[in-house]
Amino acid sequence: MLHSIILAYVFTSAVHMTGESSPDNFIGFDSAPDKVLDGSVVRVRYQCSRPCQLAVEVVVSALRKTDLVVFRRKWTSSTPGVYRIHRVLFRLSPSILYQQGFFNRRVLDAQNVTVRAWLGHVNDGSEPGTYRGSLLRIYKVLQINPLSERPTKPPTECPSWSAQLMWQMSRNRIHRCPHESDIIDMLNFPLASTAERFGVVRRFQPFIHSAMERARLHAVTQPSVTLSVWIYLLKRCHEKRCCIIHHVDGKNVFDSVLMQLTDTGDVIIQARVTTGEDEAFRASVALPLWKWIRLDCYIQNSKVLLDATWDDESRRYVYEFKDSIHYDDTDGYFVIGGSKYTPGIHGYFGPVKYYRLGTEEVKNQLHPKSPLQELDKTHQECQEIKAFTKAFLHKITESHLLSPVSKGVCTLRLWRQFGEKICTQTWTWEKQLHYSTLFHFLQTKVEEIRTGSLGLKDLRMTLFKQAVGTIFTVDQTQNKIPSKSTALLQAASCFGNHKASLLLATLHLSGLGHSVNQQQGHVYSLIGAAGDDRFALMHAGYKHTQGIDGFPKDFDMAYSYYCNVGAQSNIDSTRIHENKQYKPEHIYLNNQEDLNGLPHKTRDVFQYLKYKAERGDVESQKELGTMLYWGQHGVSKDTAGAVKWLERSAMQMKDPSVMYDYSIILMKGQGVKKNYTRGFQLLEKAAAMGSINALNGLGWYHGFILNDHRNAVKYFEQAALNGSVDGMFNLGIYHLSGKNPDSPQRNETAAFQQFLNASRLGHVAASVEAAWYLSTGSLEGVSQNVERAVIMLKTVCEQNGHLGFMIREALQAYLQGSRQEAFVKYFLAAETGLGLAQSNVAHLCEELNLSHDCQWRYHNYSILNYDPHPSALLKMGDYYYSTSSTRGDSSSLLGQAVSMYGRAALAGSPQGMYNLAILAQQGHSLPLDLHGLFNVSHHDEQDVVVEKILKRCVETEDEEAVTPCSLALLGVQMGKALRRMSQSSALLLLAFASLLSVFVIIVILPLQSCLEENRPRHPVVAPRPRTSSVSRDGVSLNREQDGITGGTYRVEGNLWLTILNGEHWLWQTGDLAVTLSGACLCAFWTALLYHLL
């Protein structure tokens, strides 16, 4: 009742004047409604002393929002000194007119509604076009019905029964805010840190809950936060300080809190106080190696408490700053480990827990069976293996100094060539049995150890080769890997061969050779990544990108690994000419055309190319030199031979691209003596002939050799504008460093744009720089997009020369018939996420008769990539299609098959399009994302969809070849034409006549052939001259004979003529029938072609 009374009370109109108001200015309501009604009219009376702007607004105030404008109309008056009346028609939002209903989902519970008008002079210097900046203001409070008394909005359409039912079920649902906690798990999966400038970036947003956000804002100057970090140190800091966790603000400056580790194991904590200064203190804690350590940092106003715990013992350090600490975790970002500003620790990070509003008790315990405990156990075993091996090597090398009589018990017996016994008591018999595989391996290498040809550093590769050589030779039919191979791989991993670590991780995660053990797989994956191995880092990044094999899907963690590999790939790209690096070539083992296209030196293609090059062909010389320089198409690298052919091609001064290539070789001194002068001359000539890369080369020469930055920027700009990726990157570096004489200020935005443009074209260094901005979101105008940064880095990392070298070795092993060696190398490369290697591993799993799961595991992984190869998509589509007939969820599997074929079709695969046409013909519908590719809609009939798919398939294929798609399209179109013809009675009659014509032709032509063969051949009789008889009797006799003979001839002639006439009639009839049948067939095919085309 009180609410109704308050709402019924109406304020009278009031005029407010601001500033200096002339009496010639006036505004007032001539008439205004008392209630909130849509379509009501307000009349405004006004007078202006000079040109002015006026407006009428309806403003609503609710519980959470005030001064919410729901209606506004503006107009101008250019006639001063005249009273006018302006009429305004209200068109109000349904949210304040009606109650909640099916046609009015969002309502506004308005507590107050005001109509107001204002007047302001045009160009009077005040804030233009606003109520607050106006000269005169007037308002009136309107009466509004309570929410429960509002009418229902009239229906605008007839909703379906199901829609009404869903609305009735959900209309009274109370929308709750999502659960929000101030306790953040910054890290809940172990992270390997390589003591370099790479780490995991975390950003924090303001709280949604208003009370929590108020507490956080209050804590900016009076903080109460807690950080709990688990770390495991493998080595001391390489520099004086390395970072555990740090906060970088929006200005890229260290902010509270910064936790660092010194090279002696002490902890330094730095914070920014409210005065703006940075202060720090050092806790002399001397953290140990090879132990899990928990660091708990409590920040209370100006006080910092640090608890360091290991071996179940805690040590507390307390320090109080002079002023309160300034702490705003929403400003900038936090980094676990290293960043571009500071290196990280060398070891591992365990769980990291962050209490944004503080806590008195930290709950961050290690689980007894977590991978962290297993990681510690594995490292402890590695220490024992190293000690065992060092003792063995030491005794072997020092054996000539041993006395024949040794004190203690002999636990090791080694027999030299001459049979003398060596005894040692360095280790126990139990330890010897525990490491029996390693012990027996070392026994076989005694002579090499004694002569010094096999040292401790050489063991890592020797052990790995020995393990790989035996990994698939025993129990291959049962798919079991011998324990001896696993033990040797573990020893190789301990000695720093992290390809062995990666192989162990892969074997445990894939279940190849033994049961799946994700915990052990995670342990060796982390060991390999901590060892800074490129492939192990890519493996960890790939697993976190996809969220497979027990790795959580975390793009920030994936970025920390890929960024490391990206930086290494950038360095590797400058040494790509080395023999251990090759550009990755995409040769698929299931594609025989790829294998046959490899131009080995002994093949005719290579020899013909060399033949043309020797006779001065510029293109052949260039192609041969490039092939030898990069080691492409199965040809081994030959820098000296490459330089010879490139020089011969460049010196003809015909091809600017090869002139540029040779000039760079001259300036870098690769395979030839450095010669800047000659290189610069070639660069100038190549640039004059139109080489874009030569423009970039001139910029590099002026900037880095002549130190002429103005001309360097000029050349870089020209190169970048013409599409040179190196030019874009170098121009970005100038923007970033501020070395441009014409623009000496740093311009990170312009630099990022250049880096981004170059990264799209595959530039490694530019991708690393652009990815950093995307991962942190630290640049104004660039939002954080970690997934895009990861994709960018993954793409360039897969172009790494060392990865290309491994793929090349795997291919060579396959071509030489060594399937096991090829499998291991492709196996390692596949775990980095490389789709090519994953497809080839799946192919080798099938060839080697390994487990069925092995084959489909890697086919499935290959399609998870962002740009999967069509062959992998087709394989998975075939797998889903074939299994759909044997399983209950056939519709789901067929849907997945359609999805796989559709993705292959989008990638341009004719086979994928053909398979889609077959499935569409069977009645399966196409996914919506394929409608645009084939220009179909859901209204099209089945035959139309099939025809459009096949037409697109034929367009994709070779036009001159007869392909399955072209034959299928012909069949579909002929069927379509026949159906059209069947709708006409005349054409249907013609079709039956054509069938009869075919029958007639089939019968008549063999009959005519038979008549031709059976026609009798009569000999031609020569006429005989008549002779007169001497006697009358003789004459009479001759006449009789002539008469008889003539009569016989006439009878036979008549019979023959009769037969000839019959055959002739049959022949003519047959010819006529064949002619008519041919005409009928011609008419039929003409009609068919008409309907077909």
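All values reported here derive from a predicted model rather than from experimental measurement. (Residues numbered from 1 in each chain as written. Predicted model: local features only at pLDDT ≥ 70, side-chain atom pairs only at ≥ 80, totals over all residues. Heavy atoms only, no water.)

A. Structural view of helix H17 (residues 639–650). Across its 12 residues, H17 extends 16 Å between first and last C-alpha, which sits within 8% of the 16 Å expected from 1.5 Å per residue. Where H17 is concerned, the buried positions are Thr 639, Gly 641, Ala 642, Val 643, Trp 645, Leu 646, Ser 649 and Ala 650. (Helix = DSSP H or I, 4+ residues; strand = E, 2+ residues; numbered from the N terminus. Expected span 1.5 Å × (residues − 1). Buried < 20%, exposed > 50% of the residue type's maximum accessible area, 1.4 Å probe, protein only.)

B. Local environment of the sheet that holds strand E13 (residues 241–248). Taking strand neighbours across the sheet as the criterion, the 6 strands line up as E11-E20-E13-E14-E15-E16 in an open arrangement whose pairing is antiparallel. In this open sheet, the two edge strands, each paired with only one partner strand, are strand E11 (199–202) and strand E16 (278–283). Across the sheet, the mean angle from the axis of one strand to that of its neighbour is 15 degrees, orientation sign disregarded. The sheet contact formed by strand E14 (residues 254–262) and strand E15 (residues 267–272) spans 4 bridges and is antiparallel. Within E15, the position partnered with Leu 261 by the bridge is Val 267. (Pairing = 2+ DSSP bridges. Axes fitted to C-alpha atoms, helices over the stretch in contact; angles between N-to-C directions.)

C. How the structure looks around the packing of aromatic side chains. Overall, the coordinates contain 31 aromatic pairs when judged by the stated rule. A centroid spacing of 6.3 Å and a plane angle of 85 degrees characterise the contact between Phe 392 and Phe 439, whose relative ring orientation is edge-to-face. In this pair, Phe 392 sits in helix H4 (residues 371–397) while Phe 439 sits in helix H6 (residues 436–444), placing the two residues 47 residues apart along the sequence. Overall, the relative accessible area of 1% leaves Phe 392 in the buried class. A relative accessible area of 5% means that Phe 439 is categorised as buried. Ring geometry for Phe 827 and Tyr 858: centres 5.8 Å apart, planes at 70 degrees, overall edge-to-face. Of the two residues, Phe 827 sits in helix H27 (residues 819–830) while Tyr 858 sits in helix H29 (residues 852–863), which places them 31 residues apart along the sequence. Residue class for Phe 827 comes out buried when judged on its relative accessible area of 1%. Aromatic rings pair up to connect Phe 254, Tyr 341, Phe 752, Trp 772 and Tyr 773 into one cluster. A cation over a ring is seen here: Arg 137 above Tyr 131, with NZ or CZ 5.2 Å from the ring centre. Just above the ring of Phe 207 sits the side chain of Arg 356; from NZ or CZ to the centre is 4.3 Å. (Phe/Tyr/Trp six-rings, centres within 6.5 Å; stacked < 30°, edge-to-face > 60°. Lys NZ or Arg CZ within 6 Å of the ring centre and 35° of its normal.)

D. Spotlight on the sheet that holds strand E3 (residues 41–47). On the basis of which strands lie adjacent, the open sheet formed by 3 strands has the order E2-E3-E6 and antiparallel pairing. A strand with exactly one partner marks an edge of an open sheet, and here the two such strands are strand E2 (26–31) and strand E6 (84–89). Neighbour-to-neighbour, the strand axes of the sheet open up by a mean angle of 30 degrees, direction not taken into account. Relative to E3, E2 runs antiparallel, the two being bridged by 5 bridges. Following the sheet pairing, Phe 29 is matched in E3 by Val 44.

E. Spotlight on the confidence of the model for the protein chain. Considering every residue of the protein chain, the mean pLDDT works out to 81; 82% of them sit at 70 or more. Mean pLDDT across the secondary structure elements of the protein chain bottoms out at helix H1 (residues 2–8), with 33, and peaks at strand E21 (residues 346–355), with 96. Taken as a whole, residues 1–13 scores under 50 in pLDDT and shows 16 contacts with residues more than four places along the chain or in a different chain. Low pLDDT, under 50, characterises residues 400–425; the predicted model gives this stretch 37 contacts beyond four residues in sequence or across chains. (pLDDT = per-residue confidence, 0-100. Contact = heavy atoms within 4.5 Å.)

F. A look at the state of the cysteines. Scanning all chains against the criterion turns up 5 disulfides. Covalent S-S linkage joins Cys 237 and Cys 242, the inter-sulfur distance amounting to 1.9 Å. As the torsion about the S-S bond is roughly -40 degrees, the Cys 237-Cys 242 disulfide counts as left-handed. In this structure, Cys 237 and Cys 242 share a single accessibility class: buried. What pairs with Cys 382 in a disulfide is Cys 494, and their sulfur atoms sit 2.0 Å apart. Residues Cys 382 and Cys 494 are joined through a disulfide that is left-handed, its torsion about the S-S bond being -70 degrees. In this pair, Cys 382 is assigned in helix H4 and Cys 494 in helix H9 (residues 483–494), connecting sequence segments 112 residues apart. For Cys 382, a relative accessible area of 7% puts it in the buried group. We note that Cys 797 lacks a disulfide partner, and the nearest cysteine sulfur, in Cys 563, lies 8.7 Å from it. (Disulfide = S-S within 2.5 Å.)

G. Inspection of helix H23 (residues 748–760) at higher detail. Over its 13 residues, H23 runs 18 Å from end to end, which matches the ideal 18 Å to within 8%, given 1.5 Å per residue. When we look at burial in H23, the residues that qualify are Ala 751, Phe 752, Gln 754, Phe 755, Leu 756, Ala 758 and Ser 759. Looking at the buried side of H23, the elements it contacts are helix H21 (709–721), helix H22 (725–737), helix H24 (764–776) and helix H25 (786–797).

H. Main features of the nonpolar core. The biggest cluster of nonpolar side chains holds 174 residues, and the ones touching the most others in it are Ile 231, Leu 287, Leu 295, Tyr 348, Leu 503, Phe 823 and Tyr 826. Apart from residues no more than four positions distant in its own chain, Leu 295 is found in contact with Leu 227, Ser 228, Val 229, Ile 231, Ile 244, Met 259, Val 267, Leu 287, Leu 306, Asp 307 and Ala 308. (Core = buried A, V, L, I, M, F, W, Y, C linked by side-chain atoms within 4.5 Å.)

I. Inspection of the packing of helix H20 (residues 692–705) against H21 at higher detail. At their nearest, the axes of H20 and H21 sit 8 Å apart, and the two run at 160 degrees to each other. Between H20 and H21, the crossing angle belongs to the class labelled roughly antiparallel. Read as a crossing pair, H20 and H21 show a hand that is left-handed. For the pair H20 and H21, the contacting residues are Ile 692, Leu 695, Asn 696, Leu 698, Gly 699, Trp 700, His 702 and Gly 703 in the first and His 709, Asn 711, Ala 712, Tyr 715, Phe 716, Gln 718 and Ala 719 in the second. Classifying every residue of the contact of H20 with H21 by side-chain character gives 8 nonpolar, 7 polar and no charged. (Parallel < 35°, antiparallel > 145°, perpendicular 65-115°, else oblique. Left-handed = near helix turned anticlockwise from the far one by under 90°. Nonpolar A, V, L, I, M, F, W, Y, C, P; charged D, E, K, R; others polar.)

J. Looking closely at the pairing of strand E8 (residues 136–142). Here E8 lies mainly inside the structure; 6 of its 7 residues are buried. Note that strand E7 (residues 112–121) and E8 share 7 bridges and pair antiparallel. Looking across to E8, one finds that Thr 114 is bridged to Val 141.

K. Structural context of unusual backbone geometry. The step from Ser 256 to Val 257 runs through a cis peptide bond, and the omega angle for that step is 10 degrees. Inspection of the secondary structure puts Val 257 in strand E14. You will see that Asp 532, though not glycine, has its phi angle at about 65 degrees, which is positive. Looking at the secondary structure, you find Asp 532 in the loop between helix H11 (518–530) and helix H12 (534–546). Residue classification places Asp 532 among the partly exposed residues on the basis of a relative accessible area of 25%. Positive phi, normally seen in glycine, also occurs at Met 653, with a value near 55 degrees. Judged by relative accessible area, which is 30%, Met 653 ranks as partly exposed.

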